[in-house]
Amino acid sequence: MANHETLPKIALGAWAWGNDSTFGEPLTAQALRPVFEAAMQAGLTLWDTAYVYGMGQSEKTLGAFIQDYPRDRYLISDKFTPQCADPAAENAVTALYETSAQLLGVDFMDFYWIHNPLDAPKWTRELIPLAKSGKIGKIGLSNHSLAEIKQAADILAAEGLKVSAIQNHYSLLNRSSETSGILDYCKENGLIFFSYMVLEQGALSGKYDTKHPFPAASDRGKIYNPMLPQLEKLNAGLKEIADRYSVSIAQLAVAWAIAKGTLPIIGVTKVSQVEDAARAAAIALSDADIQQMEQLGQKAGLNVIRYWEKEMK
């Protein structure tokens, strides 16, 4: 079972491994295996996935790779997505868990999340038998507001269980989990906060600008390409700070998320991205630079809340 102190500073996300339309170009297992191996060698052994990422494709690919390693060498973070629930199942949470476990080839999830708050109380209750079975290390909630987190915590507490982790969109362009008090709640109650989309799917990497846009057909292209003029200015400001630390803009943005007490999930499809993540974990930012980065993010004035999300209040 994973304790906060023993976790890697960064989790690696396999969302893009599902080959849905979010990221554009399809990926093969052959291309991804070196990425997985580089991560394991770097000590980045916490993997975040979900059945909904390609309807099992991400889990299947990750599952094929982890079979070469003993179970205590890696950590699995997987999710129950309400929209994928089987209405005919006696317990839809358990049913989807078993499907995911089979695809991954595991019988234990270090983290298991309710992916979003659709009918949240219902799914929180359905999760209870699974949690009591010992097949979950830590119960997590993703895309939940503070009120929804407290509601789930009360439901679980009545059964002697607890919420141990929160996973929300959090970046220099979306700090609503901070301003809403969720981050403080996590710190006060010993919950681990996983921050996803810290790099805004590459928008905060410095790789894309008005001359080098995102793939036009991808979901992220549709969202971020219209914002590229503002992103160019933001990334130029971030580059000045990154240069002081001799790191990339992407590494700087990840280091910021770590400095804020969160555990960032970084999507990886290339070995270089794994190497970036490993270096980012070693950066110690000054308070002044953190403040300057946040001012740059605020000045950009961009709304990056995605269609499946809401602003946390």
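Our subject in this report is the structure included herewith.

Reading guide: rules and limits
- Residues numbered from 1 in each chain as written.
- Predicted model: local features only at pLDDT ≥ 70, side-chain atom pairs only at ≥ 80, totals over all residues.
- Heavy atoms only, no water.
- Helix = DSSP H or I, 4+ residues; strand = E, 2+ residues; numbered from the N terminus.
- Rg over C-alpha atoms; globule rule 2.2 N^0.38 Å.
- Buried < 20%, exposed > 50% of the residue type's maximum accessible area, 1.4 Å probe, protein only.
- Areas by Shrake-Rupley, 256 points an atom, 1.4 Å probe, with all protein chains shown as cover.
- Phe/Tyr/Trp six-rings, centres within 6.5 Å; stacked < 30°, edge-to-face > 60°.
- Pairing = 2+ DSSP bridges.

With that settled, the discussion passes to the overall build of the protein. The number of helices and strands found in the protein is twelve helices and eight strands. For 313 residues, the compact-globule estimate of 2.2 N^0.38 gives 20 Å, and the C-alpha radius of gyration of the protein, at 19 Å, lies within 12% of that figure. Taking all 313 residues of the protein together, 58% fall into the buried category. Here the protein has roughly 13500 Å² of accessible surface; of this, 51% comes from carbon and sulfur atoms.

Tallying each qualifying case throughout the model produces 17 aromatic pairs. With a centroid separation of 5.6 Å and an interplanar angle of 80°, the aromatic rings of W15 and W308 are classed as edge-to-face. Highlighted residues: W15 in the loop between β1 (11-13) and α1 (29-41) and W308 in the segment after α12 (287-300), separated in sequence by 293 residues. Given the relative accessible area of 28%, W308 is considered partly exposed. Seen in terms of ring centroids, Y170 and F193 are 5.8 Å apart; in terms of plane orientation they differ by 80°. Their pairing is edge-to-face. Note that Y170 is positioned in the loop between β6 (163-169) and α6 (176-179) and F193 in strand β7 (residues 192-196), a separation of 23 residues in sequence. Both residues of the pair, Y170 and F193, count as buried. Here a set of aromatic residues connected by ring pairs shows up, and it is made of W17, F36, W47, F65 and Y69.

By the secondary structure assignment, A157 is in helix α5 (residues 146-157). For A157, a relative accessible area of 48% translates into the label partly exposed. Through-space distance from the C-alpha of A157 to that of P213 is 48 Å; in sequence the pair is 56 residues apart.

Time to look at the pairing of strand β8 (residues 263-267). Of all five residues in β8, four are buried; the element is thus mostly enclosed. Sheet topology note: the β1/β8 ladder contains three bridges and is parallel. In the strand pairing of β8, L12 is matched with I266. Pairing geometry for β7 and β8, over two bridges, is parallel. Note on β8: the bridge partner recorded for S195 is P264.

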